[in-house]
Structures are given as C-alpha cells and as structure tokens.
Amino acid sequence: MAWRYRCGTCDTTWGWVSKEAADGIRTRHREQCHDGGVPGKEEFTSDAQSATDNPTALLITGALFAFGAVVWIWQQITGT
C-alpha cells in the first residue's frame, strides 16, 4: 500500500511512497516549513480506496470466485 502526504497550508503534495517515507516527508516538512508545528490543512492518506474505485473489476473478480466455488462444490458432490 502506498501513502501520500499533502500540506494544504503550503498547497504542496508529494507522490505515493511507503508509509515510513511519507511519515519522514511529513516530519521534515513540519520542521523545515512550520517550525515543528502541525499545519492546519494536513493530509496523510493511503491508496487503499483505489481498490474500490473500479466496481466493475470487483464484480468480475467476485463472479469468477463464485464460479470457482460452485465448480469445486460440484466436484465434491459428484466425486469427479
């Protein structure tokens, strides 16, 4: 999972990085630009929501999983 830090006070956004890197960026930015304080409009977000951005892909994946489950159950019942 990737994370992004955005300072709304400075209107500055950094790219998607690991959580540790984003936390380091946030800490350095606070120290360098805000005298160690917390900016008023700060965002620290993950890209986890992007997994639900495409409901069609989720529907297809769910349908394939369900089909596989039905085939497996059928094989268990019929013994083939």
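Residues numbered from 1 in each chain as written. Predicted model: local features only at pLDDT ≥ 70, side-chain atom pairs only at ≥ 80, totals over all residues. Heavy atoms only, no water.

### Observations concerning the pattern of salt bridges
All chains considered together, the criterion is met by four salt bridges. Bridged by salt links that share partners, the residues Arg6, Asp11 and Glu43 form one connected network. (Salt bridge = Lys/Arg side-chain N within 4 Å of Asp/Glu carboxyl O.)

### Here's the deal with helix H1 (residues 19-33)
Spanning 15 residues, H1 covers 21 Å between terminal C-alpha atoms, matching the ideal 21 Å at 1.5 Å per step. Taken together, the buried positions of H1 are Ala22, Gly24, Ile25, Arg26 and His29. Elements in contact with the buried residues of H1: strand E1 (3-7) and strand E3 (42-46). Looking one or two places after H1, you find Asp35, whose phi comes out positive at around 50°. (Helix = DSSP H or I, 4+ residues; strand = E, 2+ residues; numbered from the N terminus. Expected span 1.5 Å × (residues − 1). Buried < 20%, exposed > 50% of the residue type's maximum accessible area, 1.4 Å probe, protein only. Contact = heavy atoms within 4.5 Å.)

### Things to note about the environment of Ala21
By secondary structure assignment, the location of Ala21 is in helix H1. By relative accessible area, Ala21 is classed as partly exposed at 31%. With eleven residues separating them along the chain, Ala21 and Gln32 place their C-alpha atoms 16 Å apart.

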